[in-house]
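Observations on chain architecture
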Amino acid sequence: DQQVKQNSPSLSVQEGRISILNCDYTNSMFDYFLWYKKYPAEGPTFLISISSIKDKNEDGRFTVFLNKSAKHLSLHIVPSQPGDSAVYFCAASGGAGGTSYGKLTFGQGTILTVHP
Amino acid sequence: SQTIHQWPATLVQPVGSPLSLECTVEGTSNPNLYWYRQAAGRGLQLLFYSVGIGQISSEVPQNLSASRPQDRQFILSSKKLLLSDSGFYLCAWSVSDPPLFGPGTRLTVL
């Protein structure tokens with residue numbers, strides 16, 4: 001049972017344009033969502049998170065949007081840069097704080113390629 | 001600053017051999033520690049977590065075990081490896097922030 005899904009295995013974008021990565025979840029108990037970026041043979045790097053009490057969180061070029069009714073979140077990268085090329089994982093947990101912080105359910109990942 | 005170490009970085013082991021992967025954390029006390037595995041073409045799956053010395057919770061039934069002999073040390077073990085144990089193993093820690101991941105160990109079981 002895939003509780004967190006990233007239905008696009010890959011995304012190709014031109015430098016300077018917007019990258020939109022999507023994620024869907026099925027478990028209504030999830031209330032904290034995160035995005036990680038991962039390069040091959042390295043551990044994931046935390047990018048941005050959002051609590052279910054919000055519908056938007058912004059950090060520099062990265063913005064995460066949450067639509068609770070649709071159980072959908074998306075990561076927007078504007079403007080996209082070649083250095084953003086990596087695998088992006090969406091993750092969800094049952095809450096912030098305590099062990100819940102680290103007990104994450106991950107999607108399968110989306111490979112983002114930003115062309116110069 | 002907090003740092004997380006994992007070793008070895010890569011490992012090739014025959015089926016039926018034992019396994020020991022180590023994770024250590026620096027710059028924090030009493031962290032929550034986690035072992036994740038990424039199988040080929042898949043997302044990360046939580047295997048074990050620990051809230052303190054000697055306290056281990058398993059998330060999925062499997063051929064592996066975990067131990068936490070010291071506050072900032074987390075070990076992943078197996079007595080006999082299976083082909084299906086191949087993957088990229090990641091240790092993570094958290095206290096009051098989103099979990100941070102170590103560099104990972106690539107395990108290939110032949």
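Residues numbered from 1 in each chain as written. Chains lettered and ligands numbered in written order. Predicted model: local features only at pLDDT ≥ 70, side-chain atom pairs only at ≥ 80, totals over all residues. Heavy atoms only, no water.

To continue, consider the state of the cysteines. Under the criterion given, the structure shown has 2 disulfides over all chains. The side chain of Cys 23 of chain A participates in a disulfide bridge whose partner is Cys 90 of chain A; the two sulfur atoms lie 2.0 Å from each other. Every disulfide takes its handedness from the sign of the S-S torsion; for Cys 23 of chain A and Cys 90 of chain A that torsion is -70°, giving left-handed. With Cys 23 of chain A in strand E3 (residues 19-25) and Cys 90 of chain A in strand E9 (residues 86-93), the pair connects residues that are 67 residues apart, well separated along the chain. Cys 90 of chain A carries the same exposure label as Cys 23 of chain A, and that label is buried. In this model Cys 23 of chain B forms its disulfide with Cys 91 of chain B; the gap between the sulfur atoms is 2.0 Å. Judged by the sign of its S-S torsion, about -70°, the bond between Cys 23 of chain B and Cys 91 of chain B is left-handed. (Disulfide = S-S within 2.5 Å. Helix = DSSP H or I, 4+ residues; strand = E, 2+ residues; numbered from the N terminus. Buried < 20%, exposed > 50% of the residue type's maximum accessible area, 1.4 Å probe, protein only.)

For the rest of this paragraph, the subject is the sheet that holds strand E3 (residues 19-26) of chain B. All names here are of chain B. Reading across the sheet, the 4 strands line up as E1-E3-E8-E7 and stay open at both edges, with antiparallel pairing between neighbours. Two strands in the sheet have a free side with no partner beyond their single neighbour: strand E1 (3-7) and strand E7 (65-70). Neighbour-to-neighbour, the strand axes of the sheet open up by a mean angle of 20°, direction not taken into account. With 6 bridges joining them, E3 and strand E8 (residues 73-78) adopt antiparallel strand pairing. Bridge pairing links Thr 24 to Gln 73 in E8. (Pairing = 2+ DSSP bridges. Axes fitted to C-alpha atoms, helices over the stretch in contact; angles between N-to-C directions.)

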